[in-house]
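These are the residues of each chain, in order.
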Amino acid sequence: MVRNYFHLHLVSDATGETLIAVSRAAAAQYETVSAIEHVYPLVRSEAQLARVLAEIEASPGVVLYTLVEPEWQEKLENFCRDLGCPCLSVLQPVLSLFQSYLGQASATKPGAQHVLNTEYFRRIDAMNYTLLHDDGQMGGDLDNADVILVGISRTSKTPTSIYLANRGIKTANIPLVPNIPLPPELESAKKPLIVGLIASADRIVQIRQNRLLSLRADDDTSYVDPTAVADEVTQSRRLCARKGWPVIDVTRRSIEETAASIVDLLRDHRMKFIAT
């Protein structure tokens, strides 16, 4: 398959996270085309904007921006128009919709979503909790978690936990190891949502083999034996069914998709918890 490339300039007066997320979601729809990203975060001075314009001129392409200063918006758009580069404000259509509905103009405040408010500190608290409770560590206060992930080795427990923590969700994860009993704190936890993560035996074997290869470890072990791994998966399923824990198969899911399913389950879990 022949792959084509184009320059994509992402200009932001904040962190640029919004632009990166939107542009990558759009670019993913084009299988034969890849973007060469030029990311310019925290553009908050004339000198910084001038540098951006020079780089766009050197490598013309698509320009997306989230600048709230009208004068800089106009300067960027006029420059791109003269250069023949398509240029779009990613937030403007949304802001226009909000303005028509709310009946008031938006504030011109760069990075308004990145403030040291209660939500920000809740995310920091969740991240600290999650890092301390990774892979079965510090199991004494599991009932303070929002979510507890259980699963055998290589079912993406840790990266999923970190992703959820970045959303402000305190997440612990507990490995299911053959012949090792579950921690008593997990058995007695009442408040958290407990979710089992599983994957196909073939996929787990493949990931574990790559893991051992990276560690230059001996692969003559039940850790990567297909029959033993299949039994681990079966026992994991049976445990979750016996405990009434929801199960998510992560074989063909991204971390983001798995996390989205967990957030949906957590919403229902909290409603039931409140009801009781």
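Structural notes, computed from the coordinates. (Residues numbered from 1 in each chain as written. Predicted model: local features only at pLDDT ≥ 70, side-chain atom pairs only at ≥ 80, totals over all residues. Heavy atoms only, no water.)

Right, let's get into the nonpolar core. In terms of nonpolar packing, the biggest core is built from 35 residues, with L142, V147, I148, V150, L186, W245 and I262 touching the most fellow members. Mapped onto this core, the elements with two or more residues apiece are β5 (147-151), β6 (171-175), β7 (193-198), α8 (201-215), α9 (226-243) and α10 (255-275). Excluding residues within four positions of it along the chain, L186 makes contact with L142, I148, V150, I174, I194 and W245. Judged by nonpolar contacts, the second largest core, of 14 residues, contains Y40, L49, L67 and W72. (Core = buried A, V, L, I, M, F, W, Y, C linked by side-chain atoms within 4.5 Å. Buried < 20%, exposed > 50% of the residue type's maximum accessible area, 1.4 Å probe, protein only. Helix = DSSP H or I, 4+ residues; strand = E, 2+ residues; numbered from the N terminus. Contact = heavy atoms within 4.5 Å.)

Let us look at the side chain of H9. Positionally, H9 belongs in strand β1 (residues 4-12). At a separation of 2.5 Å, a polar atom in the side chain of H9 contacts the main-chain carbonyl oxygen of S59. If we ignore the near neighbours within four places in the chain, the residues touching H9 are H38, Y40, E55, I56, S59, P60, G61, V62, V63 and L64. (Polar contact = N/O pair within 3.5 Å; in protein donor to acceptor, adjacent residues only side chain to side chain.)

The next subject is the sheet that holds β6. With parallel pairing, the 4 strands of this open sheet are ordered in space as β6-β5-β7-β8. Of all strands in the sheet, those with a lone pairing partner are β6 and β8 (247-249), marking the two edges. With strand direction ignored, the average angle separating the axes of adjacent strands in the sheet is 25°. Note: β5 against β6, 5 bridges, orientation parallel. Each residue of the ladder has a partner; that of V147, found in β6, is T171. Strands β5, β6 and β7 of the sheet are contacted by helix α6 (residues 157-166), whose axis makes an angle of about 170° with β6. (Pairing = 2+ DSSP bridges. Axes fitted to C-alpha atoms, helices over the stretch in contact; angles between N-to-C directions.)

Let us look at the pairing of strand β2 (residues 33-40). Relative to β2, β1 is paired through 8 bridges, and the arrangement is parallel. Counted as the bridge partner of L8 is E37 from β2. In this fold, the crossover linking β1 to β2 by way of helix α1 (residues 17-27) has right-handed handedness. (Right-handed = clockwise from strand over helix to strand, strands pointing away.)

Time to look at the sheet that holds strand β4 (residues 87-89). Strand order in the open sheet formed by 4 strands is β2-β1-β3-β4, with parallel pairing between adjacent strands. Strands with a single pairing partner mark the edges of an open sheet, and in this sheet they are β2 and β4. Recorded for the sheet is a direction-independent mean angle of 25° between the axes of neighbouring strands. Helix-sheet contacts for helix α2 (residues 46-58) involve β1, β2 and β3 (62-66), and the interaxial angle to β2 is about 155°.

Turning our attention to a nonpolar patch on the surface. A grouping of V94, L97, F98, Y101 and L102 is seen on the molecular surface, where their side chains present a nonpolar patch of about 590 Å² in accessible area. In this structure L102 comes out as exposed when scored by relative accessible area, which is 52%. (Patch = residues over 30% accessible without salt bridge, like charges linked within 9 Å, V, L, I, M, F, W, Y side chains within 5 Å. Areas by Shrake-Rupley, 256 points an atom, 1.4 Å probe, with all protein chains shown as cover. Salt bridge = Lys/Arg side-chain N within 4 Å of Asp/Glu carboxyl O.)

Below, the discussion takes up the environment of L19. With respect to the element layout, L19 can be found in helix α1. Considered as a pair, L19 and V90 are 71 residues apart in the sequence and their alpha carbons are 7.3 Å apart. Sequence-distant contacts of L19, defined by excluding residues within four places in its chain, comprise L10, V11, S12, L64, Y65, T66 and V90.

Two elements in contact, α8 and α9, have axes separated by 9 Å at closest approach and are oriented at 120°. Taken together, the axis directions place α8 and α9 in an arrangement best described as oblique. Judged by the twist between their axes, the crossing of α8 over α9 is right-handed. Residue-level contacts link A201, I204, V205 and R208 of α8 to P226, V229, A230, E232 and V233 of α9. Its residues placed into classes, the contact of α8 with α9 shows 7 nonpolar, no polar and 2 charged. (Parallel < 35°, antiparallel > 145°, perpendicular 65-115°, else oblique. Left-handed = near helix turned anticlockwise from the far one by under 90°. Nonpolar A, V, L, I, M, F, W, Y, C, P; charged D, E, K, R; others polar.)

Let us look at α9. Here α9 spans 26 Å end to end across 18 residues, near enough to the 26 Å set by a 1.5 Å rise per residue. Listed in full, the buried residues belonging to α9 are V229, E232, V233, S236, L239 and C240. Viewed along the axis of α9, the buried residues span an arc of 125°, placing them on a single side of the element. Set apart from the buried face of α9 by more than 90 degrees, the exposed residues are T227, R238, A241 and R242. Residues of α9 that are buried sit in contact with β5, β7, α8 and β8. (Expected span 1.5 Å × (residues − 1). Arc of directions from axis to C-beta.)

So, about the pairing of β3. Burial analysis of β3 places 4 of its 5 residues in the buried class, which makes it a mostly covered element. Of the pairings in the sheet, the one linking β1 to β3 comprises 5 bridges and is parallel in character. Its bridge partner lying in β3, H9 is registered against V63. Pairing geometry for β3 and β4, over 3 bridges, is parallel. Across the sheet, residue V63 finds its bridge partner in β4, namely C87. After leaving β3, the chain enters helix α3 (residues 70-83) and then returns to the sheet as β4, a path that is right-handed.

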